[in-house]
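Structure assessment
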Amino acid sequence: MSKKNFETEAIRTQIERSEFLEHSAPIYLSSSFVFEDAEDMRASFAEEKERNLYSRFTNPNTTEFVEKICKMEGAEAGYAFATGMSAVFSTFAALLNSGDHIVSCRSVFGSTHALFTKFLPKWNIETSYFKANEVEDIEKFIQPNTKILFAETPTNPGVDVLDLEYLGAIAKKHNLILVIDNCFATPYLQKPLDFGAHIVVHSATKLIDGQGRVLGGVAVGPSDLIREIYLFSRNTGPSLSPFNAWVLSKSLETLAVRVDRHCENALKVAEFLESNEHVNWVKYPFLKSHPKYEVAKKQMKQGGSIVAFEVKGGVEAGRKFLNNIKMCSLSANLGDTRTIVTHPASTTHSKLSEEDRMEVGISDGLVRVSVGLENVEDVINDLQQALSS
Ligand SMILES: *Cc1c(COP(=O)(O)O)cnc(C)c1O
């Protein structure tokens, strides 16, 4: 069938239906699948045919979820994981050998940072960091043993924007595998593979589920690299459960309409904050004041759901603001229907040293808002009363 538009692929990509002709995908809660006979068993294990053997390898529900994401990201192949972190870890573990080196943006998700600093070094894999706002420096950190270039954009929690086209060109020039965590943007707003990325990873826990229900992750890219990731994962077992895959596949059907509203609301929240006297500064990719506004416009369809800002008055004012929030949730998640307000310095990034936090731009007064799908007037009213009290 001919290639369809993004929203249609998200809805109409589906696994084969059973004899009951279900309209909506059923859940295949089965850990294994039976063989017709000895020959079928042999041929299946020899990978002479594509079929489900065991749900640690593949399952119809994870296959449907992966096929959708691949179409949405424009990728050849993919593999689904139990969490975003297992997607990130398995990508590194599958593609790197002892002695290899990573160049990564300094502003990455807290657990990814822990992987780089605490765990990958156990296998003699070291990481060097460039600053989110100093991408021109990347080449300084590339060594003969560098194999992967890694970044998130927009970054968490500072909402910095990295130029994907530039990263793609650097990766090409130095023959590196460019891995992009596309969690904040989702494939609806940004397709890193179009700019030269090789692998895209996601925490599906965030906007892909979008309703704060299940954990999940996925990695997509060219068949040869994904095959390495698949072989590593089917043996080590970080696979996504069929139930979660079913939830996530359903969620993708509404991704575009949800993200449209998230972005519309987030821009209004960002504009409100920018005009508020108790706020030092606001960062949102589609605000003209964002230092990388032009880059954001080039590579993103809209600005996303996350707004970062700094409350005037440091830690005390920040804590007071959070304590005065009445409706929005104080939670560590993001990309939910419910607006979530977090204080990275005391939560997600509390394990970083003060110096490291400053280097990635996490001041004590930094607040991250994951703007939800409530009526935006109610969100703004809540933020406003918390800022003025
Ligand atoms: C949440 C998050 C992750 C980790 O995902 P989990 O599903 O919680 O394991 C990775 N990267 C980014 C950017 C995230 O926001």
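Thresholds applied
- Residues numbered from 1 in each chain as written.
- Predicted model: local features only at pLDDT ≥ 70, side-chain atom pairs only at ≥ 80, totals over all residues.
- Heavy atoms only, no water.
- Axes fitted to C-alpha atoms, helices over the stretch in contact; angles between N-to-C directions.
- Helix = DSSP H or I, 4+ residues; strand = E, 2+ residues; numbered from the N terminus.
- Parallel < 35°, antiparallel > 145°, perpendicular 65-115°, else oblique.
- Left-handed = near helix turned anticlockwise from the far one by under 90°.
- Contact = heavy atoms within 4.5 Å.
- Nonpolar A, V, L, I, M, F, W, Y, C, P; charged D, E, K, R; others polar.
- Pairing = 2+ DSSP bridges.
- Buried < 20%, exposed > 50% of the residue type's maximum accessible area, 1.4 Å probe, protein only.
- Arc of directions from axis to C-beta.
- Polar contact = N/O pair within 3.5 Å; in protein donor to acceptor, adjacent residues only side chain to side chain.
- Near = heavy atom within 4 Å.
- Areas by Shrake-Rupley, 256 points an atom, 1.4 Å probe, with all protein chains shown as cover.
- Core = buried A, V, L, I, M, F, W, Y, C linked by side-chain atoms within 4.5 Å.
- Domains from an automatic or database assignment.
- Buried area = accessible area lost by both parts, 1.4 Å probe.
- Salt bridge = Lys/Arg side-chain N within 4 Å of Asp/Glu carboxyl O.

1. What to know about the packing of helix α4 (residues 84-95) against helix α5 (residues 110-119)
For any two helices packed against each other, one specifies the inter-axial angle together with the distance between the axes. With their axes 10 Å apart at the nearest point, α4 and α5 run at an angle of 30° to one another. The orientation of α4 with respect to α5, classified from their angle, is roughly parallel. α4 and α5 meet at a crossing whose hand is right-handed. In this structure, α4 contributes Met 85, Val 88, Phe 89 and Phe 92 to the contact, and α5 contributes Ser 111, Thr 112, Leu 115 and Phe 116. Looking at the contact of α4 with α5, its residues break down into six nonpolar, two polar and no charged.

2. What about unusual backbone geometry?
Negative phi is the rule for most residues except glycine; trans is the rule for most peptide bonds. In the segment running from Thr 153 into Pro 154, the intervening peptide bond is cis, with an omega of -10°. Assignment of secondary structure puts Pro 154 in the loop between β4 (146-152) and α7 (164-174). Across the junction of Asn 156 and Pro 157, the peptide omega takes the value -5°, indicating a cis bond. Positionally, Pro 157 belongs in the loop between β4 and α7.

3. Section: the sheet that holds strand β12 (residues 366-370)
Read from one edge to the other, the open sheet built from five strands follows the order β8-β9-β12-β11-β10, with strand pairing classed as mixed. This sheet does not close on itself; its edge strands, each paired only once, are β8 (279-283) and β10 (329-330). Where strand β11 (residues 340-342) and β12 come together, three bridges link them in antiparallel fashion. Across the sheet, residue Val 341 finds its bridge partner in β12, namely Val 369. This element, helix α13 (residues 314-324), spans β9 (306-311), β10, β11 and β12 of the sheet and lies at about 125° to β9.

4. Some words on helix α2 (residues 38-45)
The complete set of buried residues in α2 reads Asp 40, Ala 43 and Ser 44. Relative to the axis of α2, the buried residues are bounded by an arc of 100° and lie together on one face. Between the side-chain oxygen at the start of α2 and the backbone nitrogen of Glu 39 there is a gap of 3.2 Å, and the oxygen is on Asp 37. At the exit of α2 stands Glu 47, carrying a positive phi of roughly 60°.

5. Digging into the site of the ligand
Near the ligand you find 13 residues, and of these Gly 84, Asp 181, Ser 203, Thr 205 and Lys 206 are the closest. Contact between the ligand and Lys 206: an oxygen atom at 2.8 Å from a side-chain N or O atom of the residue. Look at the ligand: alone it shows 380 Å² of surface, and the protein chains cover 92% of it. Per-class residue counts for the shell around the ligand are four nonpolar, six polar and three charged.

6. What about the nonpolar core?
In this structure, Phe 65, Leu 149, Leu 167, Phe 309 and Phe 321 are the most contacted members of the largest nonpolar core, which totals 77 residues. Counting residues per element, this core draws most heavily on helix α11 (residues 255-274), at nine residues. Each of two domains, domain 1 (6-252) and domain 2 (255-388), supplies a minimum of three residues to this core. Each residue touching Phe 65, except ones within four places of it in the same chain, is listed here: Ala 80, Ala 204, Ile 208, Gly 217, Val 218, Leu 240, Ala 245, Leu 248, Ser 249 and Leu 252. Counting residues in hydrophobic clusters, the runner-up holds 28 residues, among them Phe 57, Val 108, Ile 177 and Leu 225.

7. Quick word on the domain arrangement of the protein
Here the protein is partitioned into domain 1 (6-252) and domain 2 (255-388). One C-alpha centre belongs to domain 1, the other to domain 2; they are set 26 Å apart. On the side of domain 2, 39 residues touch domain 1, which itself brings 40 residues to the contact. For the pair domain 1 and domain 2, the summed buried surface comes to about 3400 Å²; carbon and sulfur atoms form 60% of the total. Counting across the domain 1 and domain 2 interface gives three salt bridges. Note that Asp 163 and Lys 298 form a salt bridge whose closest N and O atoms lie 3.0 Å from each other. Here domain 1 and domain 2 share 15 residue pairs in polar contact (both at pLDDT 80 or more) between them. Mapped by element, the contributors of at least two residues to the side of domain 1 that touches domain 2 are α1 (6-12), α5, α7, α8 (186-189) and α10 (242-252).

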